[in-house]
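Below, each chain spelled out in residue letters.
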Amino acid sequence: MSHGPALDREAFRDLARAALELADGHLGGVRERAVFQPMKPDERRRLLDQRLPDEGRAPRAILELFRDAVLPHAMGNGHPRFFGWVNSPPAPLGVVADFLAAAMNPSCAGGDHAAIYLERAAVRWLMELIGFPTTGSMGLLVSGASVASIVGLAAARQHAATAHGWDIRADGLQGARPRLRLYVSPEGHGCLRKAAELLGLGASAIRTIPVGARFEMDVAALRDAIAADRRAGDLPFCVAASAGTVGTGAIDPLTAIADLCERERLWLHVDGAYGARAVLAGSEAARVAGMERVDSLALDPHKWLSVPAECGAILIRDGALLRDTFSLVPPYLRTEEGKGFGGLPWFSEYGVQQTRGFRALKLWMVLQHLGRAGIAAMIERHIALARHLAQLVDAAPDFELLAPSSLSIVAFRYVPDALRGDATRLDDLNRRVMEQVQSEGEAFLTNTLVNGRFALRACVLHDATTEADLAALVEIVRRAGAQALRVI
Ligand SMILES: *Cc1c(COP(=O)(O)O)cnc(C)c1O
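Residues numbered from 1 in each chain as written. Predicted model: local features only at pLDDT ≥ 70, side-chain atom pairs only at ≥ 80, totals over all residues. Heavy atoms only, no water.

### Looking at the pairing of strand 10 (residues 446-450)
If a strand is regular, its side chains alternate between the two faces of the sheet. Definition in use: Exposure classes here rest on a 1.4 Å probe applied to the protein chains alone. A residue is buried below 20% of its type maximum, exposed above 50%, and partly exposed in between. In this text, helices come from DSSP runs of H or I with a minimum length of four residues, and strands from runs of E with a minimum of two, each type numbered from the N-terminal end. A pair of strands is treated as paired once DSSP finds two or more bridges between them.
Burial along strand 10 is one-sided: Thr446, Thr448 and Val450 are buried, and none of Asn447 and Leu449, which face the opposite way, are. With five bridges joining them, strand 10 and strand 11 (residues 453-459) adopt antiparallel strand pairing. Across the sheet, the residue bridging to Thr446 is Arg457, located in strand 11. The turn linking strand 10 back onto strand 11 is made up of two residues, and Asn451 within it adopts a positive phi angle of 50°.

Right, here's the structure in full:
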């Protein structure tokens, strides 16, 4: 037995070939399998209760265990009939990229190696795709929009504090300071609240601004709330708007909000985790106009671009401010482009992480493979499919749309005549429908709350999803609904 994890080259190649067979079978055979297979209690137990072996095991045996006990129980998001949450299938090139990235295994904290330049380039491509300024700005890859929100709101907090002469990095939010106020709609993602809590603002610093009929932030109400907070002596500092909410795909009126933020000198953060790239779809571009004006923007390539998880990005208009928010490197030790050894300023000066993985490789490969036109076509196609589903739902007498279809999301429910008007039982019925559809494995959807009502929610993100899959989804839901109706 050798010491350490090394393999001889022949063994490595054998294992990699076996892994390739497994990955190929998994990706290639996805249509033929159930979308999702709930695990049986003993299958869960087998994974949960395993014991770490005292003596090392042969890699082959480990791969076999993976094949038998892990691979068959995927989450389901590789399947063209998976419509749950906002989880896309993996782009095959991204799968290959993750293998190669692990083989190189750099730390992307910083330095003068290829991964750093690739991340700079891939992030610039993201900026260019959505029209975000590329000079003076900064962006970096993070695990996802949750961390992107923490980074973006930390910069917003830094900005507000500096403007008022506080050294927030030294003092935190301790002491007698005016209360910082953050504005979010009730449709805003929970990660915004999490970020506010972590940054010491407290959830009570959040003003929840109501939405209109399309679930978009009411700008007049926002203006009033800011004015009321100023009168009360609080310090409004940031609006966190959404470009594509996770519930219904709603897009807050970004141009009007950007105008207001400019007048009020507030930081504008946009959660575009899912929807930001809708700017590429001709049909939606007007709705996301204004994104080029925001101060910070979260965008998840692991959502609507099929880059394998995790791959999120935070883009900040004022790159120097972002560095001031996080850098612990004294100015005389900082690396600067063209000055001394060490390459570009380190990513670790701009965010939370020190050691950082090579997320850029999969993003760089997938973006190149699709090209700008390919990305736009994919987005347009998914939006068209969602509209098609919305039409099917609208045309069916026993279904109803609960929100206007926006981007690639449709929120709807099954409404049999017998229960029409019975809000409680309709909620209960549709919850059962969702659970049954999920466990049957012919399709997969999840839920959201729309005006307090339980909604089935389908999000189209798969390149192989067809109109026939959507027709099938409606039939599958109807069948599950008829069954559930008999037992409630
Ligand atoms: C997924 C999502 C988030 C959270 O992002 P993670 O990548 O899961 O950290 C935030 N906002 C929206 C709109 C999302 O779709």
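Once you've had a look at it, read on.
### Digging into helix 9 (residues 219-231)
Quick reminder: α-helices carry 3.6 residues per turn. Residues three or four places apart thus point the same way. Operational definition: Under the convention used throughout, the expected extent of a helix is 1.5 Å for every residue step, that is, one less than its residue count. In this context, the arc is that of the directions from the helix axis out to the C-beta atoms. Note on contacts: a residue pair is in contact if any heavy atoms of the two residues lie within 4.5 Å. Here a polar contact is recorded for every N or O atom pair within 3.5 Å, except that within protein the pair must consist of a potential hydrogen donor and a potential acceptor, and residues adjacent in sequence are included only if both atoms are side-chain atoms.
Here helix 9 is 13 residues long and its end C-alpha atoms lie 18 Å apart, about the 18 Å a rise of 1.5 Å per residue gives. Looking only at helix 9, the buried set comprises Val219, Ala221, Leu222, Ala225, Ile226 and Asp229. Along helix 9, the residues classed as buried sweep out an arc of 155° about the axis, all on the same side. Against the buried residues of helix 9 lie strand 2 (180-184), strand 3 (206-208), strand 4 (235-242) and helix 10 (254-264). Between a side-chain oxygen at the N-terminus of helix 9 and the backbone nitrogen of Ala220 the separation is 3.0 Å; the capping residue is Asp218. Just past helix 9, the residue Gly233 takes up positive phi, approximately 90°.

### Examining the packing of helix 6 (residues 145-163) against helix 12 (residues 319-326)
Quick reminder of the rule: To obtain each axis, a line is fitted to C-alpha atoms, and for helices this fit is confined to the stretch in contact; angles are then taken between N-to-C directions over 0 to 180 degrees. Each angle receives one of four descriptions, namely roughly parallel if under 35 degrees, roughly antiparallel if over 145, roughly perpendicular if within 65 to 115, and oblique otherwise. Throughout, the ten residues Ala, Val, Leu, Ile, Met, Phe, Trp, Tyr, Cys and Pro are labelled nonpolar, Asp, Glu, Lys and Arg are labelled charged, and all others, Gly among them, are labelled polar.
For the pair helix 6 and helix 12, the least separation of the axes is 9 Å and the interaxial angle reads 95°. Of the possible angle classes, the one that applies to helix 6 and helix 12 is roughly perpendicular. Facing Val151, Ala154, Ala155, Gln158 and His159 of helix 6, the residues of helix 12 in contact are Leu321, Leu322, Asp324, Thr325 and Phe326. Tallied by class, residues from the contact of helix 6 with helix 12 come to six nonpolar, three polar and one charged.

### Let's talk about the sheet that holds strand 5 (residues 267-271)
Taken together, the seven strands give an open sheet; going across it, the order is 1-7-6-5-4-2-3, and neighbouring strands pair in mixed fashion. The open sheet has two edge strands with one neighbour each: strand 1 (138-142) and strand 3. Within the sheet, the average angular offset between the axes of one strand and its neighbour, ignoring direction, is 20°. Strand direction decides the pairing type here: strand 4 and strand 5, joined by five bridges, are parallel. Following the sheet pairing, Ala240 is matched in strand 5 by His269. Contacts between helix 6 and the sheet are confined to strand 1, strand 2, strand 4, strand 5, strand 6 (296-299) and strand 7 (312-316), with strand 5 contributing the most and set at about 175° to the helix.

### Structural notes on the domain arrangement of the chain
Quick note on the threshold: Domain segmentation is taken from an automatic or database assignment of domains. Buried surface area refers to the total accessible area, computed with a probe of radius 1.4 Å, that the two partners give up upon joining, counted for both partners together. Whenever Lys or Arg places a side-chain nitrogen within 4 Å of a carboxyl oxygen from Asp or Glu, that contact is recorded as a salt bridge.
The domains assigned to the chain are domain 1 (9-36 + 74-90 + 372-488) and domain 2 (106-357). For domain 1 and domain 2, the distance between their C-alpha centroids amounts to 30 Å. On the domain 2 side, the residues contacting the 27 residues of domain 1 number 29 residues. Summed over both sides, the interface between domain 1 and domain 2 buries roughly 2300 Å², with carbon and sulfur atoms accounting for 63% of that surface. Looking at the side of domain 1 facing domain 2, the largest losses of area belong to Val86, Ile379 and Leu407, adding up to 25% of the total buried there. At the boundary of domain 1 with domain 2, the tally comes to one salt bridge. Measuring nitrogen to oxygen at the nearest pair gives 2.6 Å for the salt bridge that ties Glu284 to Arg387. Here domain 1 and domain 2 share 13 residue pairs in polar contact (both at pLDDT 80 or more) between them.

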